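In case you want the letters, here they are:
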Amino acid sequence: MPVDHILRGLKRFQKKVYPKHRELFQKLALQQRPAALFITCADSRIDPCLLTQTKPGELFICRVIGNIVPRYPESIGGVSATIEYAVGVLGVPDVIVCGHTDCGVMKGVLNPEALKPLANVTAWLGHAQPAREALAKSDGGLSDAEFLLALTERNVVEQLKNLHTHPAVAARLEQGSLKLHGWVYHIGKGVVTTYNSRRERFFRVRTIKPRKTKARDGGPARKGAKR
Ligand SMILES: [Zn+2]
(Lines give C-alpha, C1' and ligand atoms only; values in the text may rest on other atoms or scores of the structure.)
Protein backbone atom coordinates (compact mmCIF):
# COMPACT_ATOMS: atom_id res chain seq x y z
CA MET A 1 0.00 0.00 0.00
CA PRO A 2 1.52 3.34 -0.98
CA VAL A 3 0.58 5.05 2.29
CA ASP A 4 2.44 2.35 4.25
CA HIS A 5 5.55 3.23 2.29
CA ILE A 6 5.04 6.88 3.29
CA LEU A 7 4.50 5.99 6.94
CA ARG A 8 7.64 3.85 6.95
CA GLY A 9 9.49 6.91 5.64
CA LEU A 10 8.09 9.03 8.47
CA LYS A 11 9.26 6.47 11.03
CA ARG A 12 12.73 6.46 9.48
CA PHE A 13 12.80 10.26 9.61
CA GLN A 14 11.91 10.29 13.30
CA LYS A 15 14.34 7.54 14.20
CA LYS A 16 17.36 8.36 12.06
CA VAL A 17 17.16 11.77 10.37
CA TYR A 18 15.70 13.98 13.11
CA PRO A 19 18.21 12.98 15.81
CA LYS A 20 21.08 13.81 13.44
CA HIS A 21 19.76 17.31 12.77
CA ARG A 22 18.04 17.98 16.09
CA GLU A 23 19.78 21.32 16.58
CA LEU A 24 18.66 22.62 13.19
CA PHE A 25 15.04 21.60 13.74
CA GLN A 26 14.99 23.09 17.24
CA LYS A 27 16.32 26.37 15.83
CA LEU A 28 13.73 26.27 13.04
CA ALA A 29 10.93 25.60 15.53
CA LEU A 30 10.91 29.28 16.45
CA GLN A 31 11.93 31.14 13.30
CA GLN A 32 12.58 30.97 9.57
CA ARG A 33 14.69 33.10 7.31
CA PRO A 34 14.41 31.53 3.86
CA ALA A 35 16.85 32.53 1.15
CA ALA A 36 14.29 32.44 -1.64
CA LEU A 37 10.68 32.01 -2.63
CA PHE A 38 10.65 29.01 -4.98
CA ILE A 39 7.54 28.82 -7.16
CA THR A 40 7.25 25.54 -8.99
CA CYS A 41 4.78 23.01 -10.38
CA ALA A 42 3.07 20.54 -8.06
CA ASP A 43 4.45 17.72 -10.24
CA SER A 44 5.69 14.84 -8.06
CA ARG A 45 8.97 14.60 -9.96
CA ILE A 46 10.22 17.95 -8.74
CA ASP A 47 11.94 18.09 -5.38
CA PRO A 48 13.16 21.67 -4.92
CA CYS A 49 15.33 20.91 -1.88
CA LEU A 50 16.92 17.89 -3.56
CA LEU A 51 17.49 19.85 -6.75
CA THR A 52 19.10 22.81 -4.98
CA GLN A 53 20.61 20.80 -2.13
CA THR A 54 19.02 23.12 0.40
CA LYS A 55 18.09 22.33 3.98
CA PRO A 56 14.75 22.85 5.72
CA GLY A 57 14.28 26.58 6.33
CA GLU A 58 16.16 27.71 3.22
CA LEU A 59 13.38 27.68 0.60
CA PHE A 60 9.89 29.09 0.97
CA ILE A 61 8.06 26.94 -1.55
CA CYS A 62 4.89 27.69 -3.48
CA ARG A 63 3.70 24.67 -5.44
CA VAL A 64 0.96 25.08 -7.95
CA ILE A 65 0.26 23.27 -11.21
CA GLY A 66 1.99 24.90 -14.15
CA ASN A 67 4.04 27.14 -11.78
CA ILE A 68 1.56 29.84 -12.64
CA VAL A 69 1.48 33.26 -10.99
CA PRO A 70 -1.84 34.89 -11.86
CA ARG A 71 -1.67 38.62 -12.49
CA TYR A 72 -2.65 40.78 -9.52
CA PRO A 73 -5.48 41.50 -8.67
CA GLU A 74 -7.26 39.30 -11.19
CA SER A 75 -6.99 36.09 -9.19
CA ILE A 76 -6.41 36.75 -5.50
CA GLY A 77 -5.88 33.49 -3.68
CA GLY A 78 -3.26 31.12 -2.35
CA VAL A 79 -0.52 32.05 -4.81
CA SER A 80 -0.85 35.81 -4.32
CA ALA A 81 -1.03 35.39 -0.52
CA THR A 82 2.11 33.22 -0.53
CA ILE A 83 3.99 35.77 -2.62
CA GLU A 84 2.85 38.65 -0.42
CA TYR A 85 3.95 36.86 2.75
CA ALA A 86 7.32 35.66 1.40
CA VAL A 87 8.27 38.96 -0.24
CA GLY A 88 6.54 41.44 2.07
CA VAL A 89 6.91 39.80 5.49
CA LEU A 90 9.80 37.33 5.30
CA GLY A 91 11.73 39.62 2.98
CA VAL A 92 13.22 36.91 0.75
CA PRO A 93 15.95 38.40 -1.47
CA ASP A 94 15.19 36.17 -4.48
CA VAL A 95 12.18 34.67 -6.22
CA ILE A 96 12.65 31.69 -8.53
CA VAL A 97 9.92 30.54 -10.91
CA CYS A 98 10.81 26.99 -11.94
CA GLY A 99 9.04 25.23 -14.80
CA HIS A 100 9.89 21.72 -15.92
CA THR A 101 9.97 19.37 -18.89
CA ASP A 102 7.02 17.04 -19.60
CA CYS A 103 4.65 19.35 -17.69
CA GLY A 104 1.06 18.11 -17.88
CA VAL A 105 -0.25 21.67 -17.66
CA MET A 106 1.80 22.79 -20.65
CA LYS A 107 0.55 19.76 -22.59
CA GLY A 108 -2.96 20.76 -21.56
CA VAL A 109 -2.42 24.26 -22.94
CA LEU A 110 -1.61 22.65 -26.28
CA ASN A 111 -4.55 20.24 -26.08
CA PRO A 112 -7.30 21.94 -24.01
CA GLU A 113 -10.06 19.69 -25.35
CA ALA A 114 -8.77 16.74 -23.30
CA LEU A 115 -9.13 18.75 -20.08
CA LYS A 116 -12.52 20.29 -20.79
CA PRO A 117 -14.40 18.16 -18.21
CA LEU A 118 -12.08 19.59 -15.53
CA ALA A 119 -13.56 23.04 -14.90
CA ASN A 120 -10.93 24.22 -12.41
CA VAL A 121 -7.96 23.01 -14.41
CA THR A 122 -9.38 24.56 -17.57
CA ALA A 123 -9.86 27.92 -15.84
CA TRP A 124 -6.33 27.74 -14.40
CA LEU A 125 -4.87 26.98 -17.85
CA GLY A 126 -6.23 30.35 -18.97
CA HIS A 127 -3.31 31.95 -17.08
CA ALA A 128 -0.90 30.16 -19.44
CA GLN A 129 -2.62 31.32 -22.61
CA PRO A 130 -0.51 34.49 -22.99
CA ALA A 131 2.54 32.19 -23.22
CA ARG A 132 0.96 30.20 -26.02
CA GLU A 133 -0.12 33.34 -27.85
CA ALA A 134 3.35 34.89 -27.55
CA LEU A 135 4.89 31.71 -28.90
CA ALA A 136 2.45 31.35 -31.78
CA LYS A 137 3.54 34.80 -33.00
CA SER A 138 7.28 34.25 -32.76
CA ASP A 139 8.22 30.61 -33.37
CA GLY A 140 7.43 28.59 -36.45
CA GLY A 141 8.79 25.29 -37.72
CA LEU A 142 9.36 23.65 -34.35
CA SER A 143 8.84 19.93 -33.74
CA ASP A 144 6.20 19.00 -31.15
CA ALA A 145 8.85 18.39 -28.48
CA GLU A 146 10.61 21.68 -29.28
CA PHE A 147 7.30 23.54 -29.19
CA LEU A 148 6.45 22.04 -25.78
CA LEU A 149 9.83 23.10 -24.38
CA ALA A 150 9.51 26.57 -25.94
CA LEU A 151 6.04 26.90 -24.38
CA THR A 152 7.38 25.75 -21.00
CA GLU A 153 10.12 28.39 -21.19
CA ARG A 154 7.77 31.12 -22.40
CA ASN A 155 5.35 30.27 -19.60
CA VAL A 156 8.10 30.89 -17.04
CA VAL A 157 8.87 34.25 -18.67
CA GLU A 158 5.18 35.24 -18.59
CA GLN A 159 4.92 34.31 -14.89
CA LEU A 160 7.98 36.46 -14.15
CA LYS A 161 6.15 39.35 -15.85
CA ASN A 162 3.04 38.62 -13.79
CA LEU A 163 5.10 38.77 -10.61
CA HIS A 164 5.72 42.46 -11.33
CA THR A 165 1.96 43.13 -10.97
CA HIS A 166 1.99 42.03 -7.30
CA PRO A 167 2.33 45.11 -5.06
CA ALA A 168 4.78 43.51 -2.59
CA VAL A 169 7.04 42.44 -5.48
CA ALA A 170 6.77 45.79 -7.27
CA ALA A 171 7.72 47.65 -4.07
CA ARG A 172 10.79 45.49 -3.42
CA LEU A 173 11.90 45.70 -7.08
CA GLU A 174 11.59 49.47 -6.84
CA GLN A 175 13.84 49.41 -3.76
CA GLY A 176 16.31 47.21 -5.63
CA SER A 177 16.18 44.57 -2.88
CA LEU A 178 14.60 41.71 -4.85
CA LYS A 179 15.73 39.64 -7.81
CA LEU A 180 13.55 37.44 -10.02
CA HIS A 181 14.84 34.30 -11.71
CA GLY A 182 13.30 32.02 -14.35
CA TRP A 183 14.31 28.36 -14.44
CA VAL A 184 13.39 25.26 -16.39
CA TYR A 185 14.26 21.92 -14.84
CA HIS A 186 15.00 19.16 -17.38
CA ILE A 187 13.97 16.14 -15.33
CA GLY A 188 15.60 13.32 -17.31
CA LYS A 189 18.95 15.11 -17.59
CA GLY A 190 19.19 16.67 -14.15
CA VAL A 191 19.84 19.98 -15.88
CA VAL A 192 18.50 23.45 -15.08
CA THR A 193 18.41 26.26 -17.63
CA THR A 194 17.95 29.86 -16.49
CA TYR A 195 16.46 32.84 -18.27
CA ASN A 196 18.75 35.60 -19.41
CA SER A 197 16.47 38.62 -19.81
CA ARG A 198 19.07 40.62 -21.74
CA ARG A 199 19.46 37.92 -24.38
CA GLU A 200 15.86 36.69 -24.00
CA ARG A 201 16.97 33.07 -23.89
CA PHE A 202 17.45 30.22 -21.47
CA PHE A 203 20.98 29.01 -20.79
CA ARG A 204 22.25 25.98 -18.99
CA VAL A 205 23.49 26.69 -15.48
CA ARG A 206 27.20 26.13 -15.50
CA THR A 207 28.54 23.84 -12.88
CA ILE A 208 30.95 25.80 -10.77
CA LYS A 209 34.21 23.93 -10.56
CA PRO A 210 35.81 24.00 -7.14
CA ARG A 211 38.82 26.26 -7.07
CA LYS A 212 42.14 24.52 -6.88
CA THR A 213 43.68 25.13 -3.50
CA LYS A 214 47.32 26.03 -3.50
CA ALA A 215 49.26 23.55 -1.47
CA ARG A 216 51.24 25.03 1.38
CA ASP A 217 55.02 24.79 1.16
CA GLY A 218 54.71 23.55 -2.39
CA GLY A 219 53.55 20.11 -1.16
CA PRO A 220 50.36 18.35 -2.28
CA ALA A 221 47.05 19.66 -0.93
CA ARG A 222 45.81 17.63 2.00
CA LYS A 223 43.12 15.17 1.12
CA GLY A 224 39.78 16.27 2.49
CA ALA A 225 41.22 19.60 3.63
CA LYS A 226 38.50 22.15 4.28
CA ARG A 227 38.33 24.84 1.64
ZN1 LIG B 1 4.08 20.63 -14.30
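Please read all numbers here as calculations on a predicted model, not as lab measurements.

Draft legend 1. Summary view of the overall build of the chain. On a plain count of helices and strands, the chain comes out with 9 helices and 6 strands. A principal-axis box enclosing the C-alpha atoms of the chain has dimensions of 65 × 45 × 45 Å. A buried classification covers 25% of the 227 residues belonging to the chain. Sequence separation of 24 or more characterises 62% of the internal contacts of the chain that already satisfy a separation of 6 or more.

Draft legend 2. Main features of the environment of lysine 137. Within the secondary structure layout, lysine 137 lies in helix 7 (residues 129–138). The class for lysine 137 is exposed, based on 8 C-beta atoms found within 10 Å. The spatial distance from the C-alpha of lysine 137 to the C-alpha of proline 93 is 34 Å, given a sequence separation of 44 residues.

Draft legend 3. Spatial organisation of the nonpolar core. Formed by 37 residues in total, the largest nonpolar core has its most connected members in Leu37, Phe38, Ile39, Val87, Val95, Ile96 and Val97. Going through the elements one at a time, strand 1 (36–40), strand 2 (59–63), helix 4 (78–89), strand 3 (94–100), helix 5 (104–110), helix 8 (144–163) and strand 4 (179–186) are the ones with two or more residues in this core.

Draft legend 4. Layout of the sheet that holds strand 1. Strand order across the open sheet formed by 6 strands is 2-1-3-4-5-6, with mixed pairing between neighbours. With partners counted over all chains shown, the strands left at the sheet margins are strand 2 and strand 6 (201–204), one partner each. Here the average twist between neighbouring strands, direction ignored, is 30°. Note: strand 4 against strand 5 (residues 191–196), 4 bridges, orientation antiparallel. Its bridge partner being in strand 5, histidine 186 is matched across the sheet by valine 191. The sheet strands contacting helix 8 are strand 3, strand 4, strand 5 and strand 6, and the helix crosses strand 4 at an angle near 160°.

Draft legend 5. Geometry of the environment of arginine 33. By secondary structure assignment, the location of arginine 33 is in the loop between helix 2 (22–28) and strand 1. On a C-alpha basis, the gap between arginine 33 and serine 197 in space is 28 Å, while along the polypeptide they are 164 residues apart.

Draft legend 6. Up close: the confidence of the model for the chain. For the chain, per-residue confidence averages 91 on the pLDDT scale, and 90% of positions sit at 70 or higher. Between residues 214–227, whose pLDDT stays under 50, and residues either more than four places distant or in other chains, the model counts 6 contacts.

Draft legend 7. Representation of the packing of helix 7 against helix 8. Axis separation between helix 7 and helix 8 bottoms out at 8 Å; the angle between their running directions is 120°. Classified by the angle between their axes, helix 7 and helix 8 sit oblique to one another. The hand of the helix 7/helix 8 crossing is right-handed. Touching Pro130, Ala131, Arg132, Ala134 and Leu135 of helix 7 are Ala150, Leu151, Arg154, Asn155 and Glu158, all from helix 8. A class-by-class count of the residues in the contact of helix 7 with helix 8 yields 6 nonpolar, 1 polar and 3 charged.

Draft legend 8. Region of interest: unusual backbone geometry. Cis geometry marks the peptide bond from tyrosine 72 to proline 73, where omega comes out at 0°. Topologically, proline 73 is positioned in the loop between strand 2 and helix 4. Phi is positive for glutamine 53, which is not a glycine, with a value near 50°. Examined against the element boundaries, glutamine 53 turns out to sit in the loop between helix 3 (48–52) and strand 2. Notably, asparagine 67 is not glycine yet its phi reads approximately 40°, a positive angle. Checked against the element boundaries, asparagine 67 lands in the loop between strand 2 and helix 4. We classify asparagine 67 as buried; it has 32 C-beta atoms within 10 Å.

The rules behind these values
Residues numbered from 1 in each chain as written. Predicted model: local features only at pLDDT ≥ 70, side-chain atom pairs only at ≥ 80, totals over all residues. Helix = DSSP H or I, 4+ residues; strand = E, 2+ residues; numbered from the N terminus. Buried ≥ 20, exposed ≤ 12 C-beta atoms within 10 Å, placed from the backbone. Contact = placed C-beta atoms within 7 Å. Core = buried A, V, L, I, M, F, W, Y, C linked by C-beta atoms within 7 Å. Pairing = 2+ DSSP bridges. Axes fitted to C-alpha atoms, helices over the stretch in contact; angles between N-to-C directions. pLDDT = per-residue confidence, 0-100. Parallel < 35°, antiparallel > 145°, perpendicular 65-115°, else oblique. Left-handed = near helix turned anticlockwise from the far one by under 90°. Nonpolar A, V, L, I, M, F, W, Y, C, P; charged D, E, K, R; others polar.

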